Amino acid sequence: MFKKYLSILLCSVAICSLTACSTSDDSSAMVEDGSSDAALGLDADGALTVGDPNARDGFNGPAELQGNNTVYFAYNSENIQDQYLGVMQAHAQYLKKNPDARVIIEGHTDERGTPEYNIALGERRARSVARYMQNLGVDVNQLSIVSYGEEKPAIDGHNEGAWSKNRRAVLNY
């Protein structure tokens, strides 16, 4: 029963993504969760999860990375901007040196768009970051993703200043 519900949910998200405001299809920025036992579903907040995120609010990782754990995105995009490559490189170096460390990559969006579209966009953003980290040599088993869509804004507001801070992926340990 759960698999049937999950299939219907994923098809609905895909259809909503195709019918909403779309961007160019750049699948090279997305990641497949390579682990064979990855759990895909919704958490208590209704966020789409891959793996076992056990997501927590706030940064809970190494002090040297504490102030540098957010990647911001352009409107309606999951493409990583060059200015954030260093953020991910620093986290990748830490993860490669600490194979027991695990990171949860949270995908977030601004309030514009339907909740379904924003969950899908948040997931694409988290997957983009995970793909880049994998390309830098991070083991896929160290990475989990969760999409909160528009549900956990960094800043409340209905203007570009707030929206630009809410379009993000956050790395938490």
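One structure accompanies this document, and this report is about it. All figures in this text were calculated on a predicted structure; none of them were measured in a lab. (Residues numbered from 1 in each chain as written. Predicted model: local features only at pLDDT ≥ 70, side-chain atom pairs only at ≥ 80, totals over all residues. Heavy atoms only, no water.)

**A look at the nonpolar core**
- Core analysis: the biggest nonpolar cluster contains 21 residues, and Val71, Leu95, Ile105, Val129, Met133 and Leu143 have the highest contact counts within it.
- Elements supplying a minimum of two residues to this core: helix H2 (85-97), strand S4 (103-108), helix H3 (115-135), strand S5 (143-149) and strand S6 (168-172).
- Residues in contact with isoleucine 105, not counting those within four places in the same chain, are Ala126, Val129, Ala130, Leu143, Ser144, Ile145, Val146, Ala169, Val170 and Leu171. (Core = buried A, V, L, I, M, F, W, Y, C linked by side-chain atoms within 4.5 Å. Buried < 20%, exposed > 50% of the residue type's maximum accessible area, 1.4 Å probe, protein only. Helix = DSSP H or I, 4+ residues; strand = E, 2+ residues; numbered from the N terminus. Contact = heavy atoms within 4.5 Å.)

**Some thoughts on H3**
- In a regular helix each residue adds 1.5 Å, so 21 residues correspond to 30 Å; H3 covers 30 Å between its end C-alpha atoms and thus fits that length.
- Immediately beyond the C-terminal end of H3, within one or two residues, lies glycine 137, with a positive phi of roughly 105 degrees. (Expected span 1.5 Å × (residues − 1).)

**Examining H2**
- The end-to-end C-alpha separation of H2 is 18 Å, in line with the 18 Å expected for 13 residues at 1.5 Å each.
- Buried residues of H2: Val87, Met88, His91, Ala92 and Leu95, and no others. All buried residues of H2 project into a common sector of 130 degrees when viewed along the axis, lining one side.
- In this structure, the buried side of H2 is in contact with strand S3 (70-72), S4, H3, S5 and S6. (Arc of directions from axis to C-beta.)

**Details of the pattern of salt bridges**
- Overall, the coordinates contain 6 salt bridges when judged by the stated rule.
- Here aspartate 110 makes a salt bridge to arginine 167, at a shortest N to O gap of 3.4 Å. Taken together, the residues span a long stretch of sequence, with aspartate 110 in the loop between S4 and H3 and arginine 167 in the loop between helix H4 (160-166) and S6 at a distance of 57 residues.
- What makes aspartate 110 buried here is its relative accessible area of 4%.
- Residue glutamate 160 is joined to arginine 167 by a salt bridge in which the shortest nitrogen-to-oxygen separation is 2.9 Å. (Salt bridge = Lys/Arg side-chain N within 4 Å of Asp/Glu carboxyl O.)

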